[in-house]
Structures are given as C-alpha cells and as structure tokens.
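Listed below, chain by chain, are the residues.
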Amino acid sequence: MSVRLREALREAAAEVPAYPVHERAVRTARRTRRRTAAAVAAVLVLVALVPVAVRGDDRPSIAPAGAGGPALPDRIGLPAFGSLRATDRPRLGPAALIFSGQARGLTGLLDEDGTIGIVGADADRYRTWRVGFEAPVGEKVLLSPDGRRVAVPAGSGEHPRVDLVDLVDGTVGHLASTVSGSALTEPAGWAPDGTALVVRDTTPANPEGSAYVNTLSLVRLDTGRAVRLLETNQLPIFGTPVAFSADGSRLAFQVGDKVLVTGTDGRQITSFPLPPESGLAGKGAWLPDGTLALVSRDPDTTRWRLRRVDPATGRDLGVLALPAVDGVTTIRLLGWWPDGSALVVGYRPDRHAPARFDGPVDMDQRTVYPNVQTVRVLGLAPGAAAPDTLLTAPDQVLAIDVADAVVRAGRVRAADPPSGPGGRVWWAAGTAALVLGGLLARRLLRRGRVLRLTRGRAPRG
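Small disclaimer: the values here were computed from a predicted structure and weren't measured. (Residues numbered from 1 in each chain as written. Predicted model: local features only at pLDDT ≥ 70, side-chain atom pairs only at ≥ 80, totals over all residues. Heavy atoms only, no water.)

Draft legend 1. Here's a closer look at the side chain of Arg 127. Topologically, Arg 127 is positioned in strand β4 (residues 126–130). A polar side-chain atom of Arg 127 sits 2.6 Å from the main-chain carbonyl oxygen of Pro 90. (Helix = DSSP H or I, 4+ residues; strand = E, 2+ residues; numbered from the N terminus. Polar contact = N/O pair within 3.5 Å; in protein donor to acceptor, adjacent residues only side chain to side chain.)

If you want it as structure tokens, here you go:
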C-alpha cells in the first residue's frame with residue numbers, strides 16, 4: 001500500500017463518527033428492564049387476583065334481610081367447568097343439598113361418571129365429587145343430617161366400601177363392608193345424630209352371579225360395630241328409603257311391597273303390607289306425632305298424595321290435609337318444616353317416558369334417570385290448594401337430597417348460582433402466571449448481568 005493511499009484511508013476513517021456502543025447498550029438494557037418489570041408487575045397483580053377469582057365459586061347469595069344460617073336455595077345451577085372439588089380449599093363447610101343427573105358438569109366427556117354437585121348451606125358456593133358411576137343422590141349417595149358429610153359408595157367388587165367425604169375438614173373416611181363376600185356396599189340412611197349409617201350390601205348367592213342376597217346393617221361410625229337388620233333375597237326395592245324416627249330409636253324401611261319397622265338393636269317391631277300404588281314416603285316418613293307417611297297415587301292419574309298409617313299395625317289413618325302433587329312420576333318426602341308443611345321432591349317425567357308406572361313391578365322405575373326430565377322441591381302447606389315450588393333445577397338434574405338441618409330451618413333464600421370458570425381453572429391460571437413470572441424474572445436478572453458487564457467498556461473506533 002502506498003503512503004498516499006494509507007493517508008487517504010486515515011483521513012476517511014477520521015471523518016466517520018464513533019458509534020456509541022456503550023451508551024446504546026445501556027439504553028437498550030434499561031428499556032428492556034422497564035418492560036420486564038412492567039410484565040412482572042402485571043403477573044403479580046394477576047396472581048394476587050386469583051384468590052378473588054377462586055371465590056367465584058363462593059359468591060354469596062342474595063339472602064333475605066335479617067336472615068342467617070342454613071337455608072334452601074330457590075334454584076340451583078350446574079357445576080362450572082373446573083369447579084372446586086369437595087375436599088379443595090377453601091373448605092365448603094356444611095352443605096344445604098347435593099344433586100346428580102346427566103346434565104352438563106355431572107357427566108364425563110365419554111361416559112356417565114356420576115359426578116355430584118354440592119351447594120353450601122348458607123351461600124351459593126358449589127363443589128363437586130366424582131363417584132365414578134351412575135349413583136342418584138337421595139338413594140345411593142346421601143347427605144348427612146347436618147350437611148357436613150356425604151356418604152358415597154366406593155371401592156371395588158372385591159373390597160366394597162362407603163366413603164365419607166367431610167366438607168368441613170376435607171378428609172375422606174372409609175367404611176369397609178361388614179358383610180363377608182359383599183360385591184357392593186351402598187349407604188341407605190343416616191341416623192339423626194350422624195353417628196351411625198345404614199348400609200345396604202349385595203352379595204352373590206351362587207358362583208354364576210345369577211342370584212343375589214340383600215343385607216341391611218346399621219353401622220356405628222366410631223367403632224365400626226354393625227347390627228344386622230335384615231337379610232333376604234334380592235327384591236325390586238330393598239331398604240330404600242330408610243327413615244329414622246326423630247329420637248333415632250326406630251327405623252322404617254321398604255322391602256318389596258312391605259314396610260318393616262325395627263329397633264336399632266335389629267329387633268323387628270312390626271311389618272305390614274303396602275296398599276296398591278303406595279310406598280314409604282322417604283327419609284322424612286316419620287311424622288312429628290309418631291305415625292308413618294306413605295306416598296300414594298290416585299288411581300289412573302299422575303296425582304300423588306301423602307297419607308298416614310299406624311306404624312304398629314299399618315292401619316290406614318287417612319290422607320293428610322296437604323295438597324296433591326300432579327304431573328310427576330312420584331314424590332319423595334324430605335321432612336317437615338316447623339309450620340307443619342311437608343318438603344317433597346317431585347320427579348317430572350321425561351317426554352319420552354310413560355307418564356305413570358303401574359303395578360308393583362314398576363315401583364323402582366319411577367325415579368331412574370331415563371324416566372325423569374328434572375326435579376323440583378315443593379312445599380305442601382296444610383290447607384293449601386296447590387304445592388308451592390321452593391326450588392327449581394335445570395333439565396337433566398334428576399335427583400336431589402337436602403340436609404335435615406336445612407329442612408328444620410324452614411327457610412328459603414334467593415339464590416344466585418355462580419357462572420364462569422370454576423376455581424380449578426383459576427388455580428391453573430395462577431400456576432401458569434407464577435411460572436411465567438419466574439421466567440421473566442430470570443430473564444430480567446440475565447439482562448441485569450449483561451448491563452453490568454457492558455458498563456465501562458470503551459467503544460471501538
């Protein structure tokens with residue numbers, strides 16, 4: 001290279017301004033840090049709001065002024081997608097009712113998985129519990145009298161049991177079958193004080209499994225001690241419903257077309273046949289005066305009434321002075337309000353099902369899922385001309401059970417079922433937000449280290 005060319009290149013290089021590498025790197029790092037900090041702040045705000053969003057499952061209802069304590073909601077909704085489960089935090093506490101069916105949120109994507117909905121005793125807080133098979137509440141899944149525990153059939157054919165889901169502390173107790181060889185154990189009735197449970201066992205009577213034996217037992221929950229109430233060949237209706245007297249000393253249950261009354265020691269007190277088109281009314285079948293209530297259908301109609309019988313003899317004491325319920329497959333008695341009104345579940349027939357089921361062979365078909373469109377909770381007030389609808393449910397909510405504590409309270413509250421995603425969706429969103437926040441924070445730290453390394457470096461000219 002000649003001297004002249006070298007000098008020309010130096011002059012040209014001298015005229016080119018120096019590129020501010022250091023200053024530009026500092027500005028870029030600061031801008032990136034501000035953006036990252038803003039993103040992290042937004043994530044932290046989202047995480048802070050997640051508990052509030054979770055309480056979307058726990059939004060309080062619009063209760064009547066001055067009212068408090070357990071109450072029956074005037075309507076129920078369906079469990080939201082991602083609803084909290086019965087044992088999730090925050091704990092639900094005692095429930096007002098449980099429900100089941102084939103509506104959205106109560107079944108799986110591919111098959112009927114027997115999910116039940118649970119509603120809080122004093123507010124519209126919803127939870128769910130998966131049974132794993134079709135199990136109508138009030139018949140195979142039962143809410144304890146105080147609303148604290150849900151008795152659910154569980155286990156396997158080799159080791160059947162009843163699970164006791166505690167809604168207050170979130171624990172699940174296991175009550176193993178007390179009958180040797182049992183293939184299925186189901187709850188059939190709660191003692192009024194919640195210390196004992198009647199269970200129904202089904203045991204194969206031969207190796208082929210073509211015949212079964214039914215066993216009804218009263219099991220103490222603290223000791224596991226069981227008292228055998230009855231054992232008989234399989235019948236269309238066995239042991240359901242089981243009704244305890246108010247003092248818990250007597251039990252009444254239906255076996256085929258008969259009613260049996262026993263003591264808690266298993267001693268049979270009496271047995272009497274049911275009139276045609278009649279059945280034991282439900283878990284609230286014992287009246288305050290000590291007589292028993294039956295549900296009875298008027299001949300050739302879909303109109304059902306409550307009537308009294310003498311539990312010692314089965315003698316008919318006449319129809320109660322309560323309104324009849326028309327247009328249902330049957331009614332089931334939940335209990336008695338303080339003013340003497342009867343609280344019943346009315347089963348509205350599916351549009352493709354028969355309007356009524358005649359004869360003893362069809363006694364167990366009146367509440368099965370395919371024959372029911374929806375249920376209502378009705379109040380039958382003494383002397384009233386018609387039932388009062390106290391609770392409505394969406395179509396395909398096909399069974400409902402109400403806590404005895406709610407029945408005794410005699411109150412109905414204005415309900416506002418929660419909508420939108422359930423609590424588990426927000427848990428997932430919160431977890432994702434925390435992960436994202438961690439990644440952004442890590443990137444921020446790396447940017448900070450780069451900034452420190454670039455400080456003080458002179459630009460190349």
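So much for the structure itself; the text now carries on.
Draft legend 2. The environment of Arg 89, seen in detail. Secondary-structure assignment places Arg 89 in the loop between β1 (72–73) and β2 (95–101). Relative accessible area serves as the criterion here: at 57%, Arg 89 is assigned to the exposed category. With 80 residues separating them in the primary sequence, Arg 89 and Asp 169 have C-alpha atoms 9.4 Å apart. (Buried < 20%, exposed > 50% of the residue type's maximum accessible area, 1.4 Å probe, protein only.)

Draft legend 3. Representation of the sheet that holds strand β3 (residues 115–120). Pairing is antiparallel in the open sheet, where four strands are placed in the order β4-β3-β2-β25. What marks the edges here is a single partner per strand, and that holds for β4 and β25 (397–402). In this sheet, neighbouring strand axes are inclined to one another by 25° on average, regardless of whether the strands run parallel or antiparallel. Here β2 pairs with β25 via five bridges, running antiparallel. Directly across from Gly 101, in β25, lies its bridge partner Val 397. (Pairing = 2+ DSSP bridges. Axes fitted to C-alpha atoms, helices over the stretch in contact; angles between N-to-C directions.)

Draft legend 4. Broad picture of the pattern of salt bridges. Evaluation of the coordinates by the stated rule reveals 19 salt bridges. One salt bridge in this structure joins Glu 277 and Arg 297, with 3.5 Å as the shortest N-O distance. Residue Glu 277 is located in the loop between β16 (268–273) and β17 (278–280), and its partner Arg 297 is located in strand β18 (residues 292–297); the two are separated by 20 residues in the primary sequence. Where Lys 283 meets Asp 404, a salt bridge forms, and the shortest distance between an N and an O atom there is 3.3 Å. Here Asp 404 lies in helix α3 (residues 404–409) and Lys 283 lies in the loop between β17 and β18, a separation of 121 residues in the sequence. We classify Lys 283 as partly exposed; its relative accessible area is 22%. Each of Lys 140, Glu 186 and Arg 200 takes part in one network of salt bridges that share partners. (Salt bridge = Lys/Arg side-chain N within 4 Å of Asp/Glu carboxyl O.)

Draft legend 5. Representation of the sheet that holds strand β11 (residues 212–220) in the model. If you trace the four strands from one edge of the open sheet to the other, you get β9-β10-β11-β12, paired in antiparallel fashion. Looking at strand neighbours, the two that pair on one side only are β9 (184–190) and β12 (226–233), the edges of this open sheet. Each neighbouring strand pair of the sheet contributes to a mean axis angle of 20°, computed without reference to strand direction.

Draft legend 6. How the structure looks around the nonpolar core. Membership of the largest hydrophobic core comes to 46 residues, with the highest contact counts inside it found for Ile 76, Leu 97, Phe 99, Ile 118, Val 141, Val 150 and Ile 400. Excluding its chain neighbours within four sequence positions, the residues that come into contact with Val 150 are Ile 98, Ile 116, Val 141, Leu 142, Leu 143, Asp 163, Leu 164, Val 165 and Leu 167. Core analysis: the next-biggest nonpolar cluster, separate from the first, contains 29 residues, Ala 243, Phe 272, Trp 336 and Ala 342 among them. (Core = buried A, V, L, I, M, F, W, Y, C linked by side-chain atoms within 4.5 Å. Contact = heavy atoms within 4.5 Å.)

Draft legend 7. A look at the layout of surface pockets. Empty space within the largest pocket amounts to approximately 860 Å³. Forming the boundary of the largest pocket are 35 residues, of which Glu 139, Pro 236, Ile 237, Thr 240 and Asp 364 lie nearest the centre. Taken together, the elements giving at least two residues each to the lining of the largest pocket come down to β9, β10 (196–204), β13 (238–244), β17 and β21 (330–336). For the lining of the largest pocket, the per-class residue count stands at 16 nonpolar, 11 polar and eight charged. Empty space within the second largest pocket amounts to approximately 690 Å³. Lining the second largest pocket are 33 residues, and of these Phe 244, Ala 246, Lys 283, Gly 284 and Asp 404 lie nearest its centre. Only β5 (142–143), β9, β13, β21 and α3 provide two or more residues apiece to the lining of the second largest pocket. (1 Å grid on protein atoms, 1.4 Å probe; cavity = no way out; pocket = protein on both sides within 12 Å on 5 of 7 lines; lining within 4 Å. Points joined across faces, edges and corners; volume = space filled by probe spheres on them. Nonpolar A, V, L, I, M, F, W, Y, C, P; charged D, E, K, R; others polar.)

Draft legend 8. Here's a closer look at the pairing of β12. Where β11 meets β12, seven bridges bridge the pair, whose relative direction is antiparallel. Paired with Val 219 across the strands is Ala 226, a residue of β12.

Draft legend 9. Representation of empty space enclosed by the protein within the structure. Here the structure, examined in full by the defined rule, presents one cavity of 30 Å³ or more. By volume, the largest cavity amounts to about 60 Å³. Taken together, 11 residues form the lining of the largest cavity, with Gly 101, Gly 114, Glu 134, Ala 135 and Tyr 369 sitting closest to its centre. Along the lines of polarity and charge, the residues of the lining of the largest cavity split into three nonpolar, six polar and two charged.

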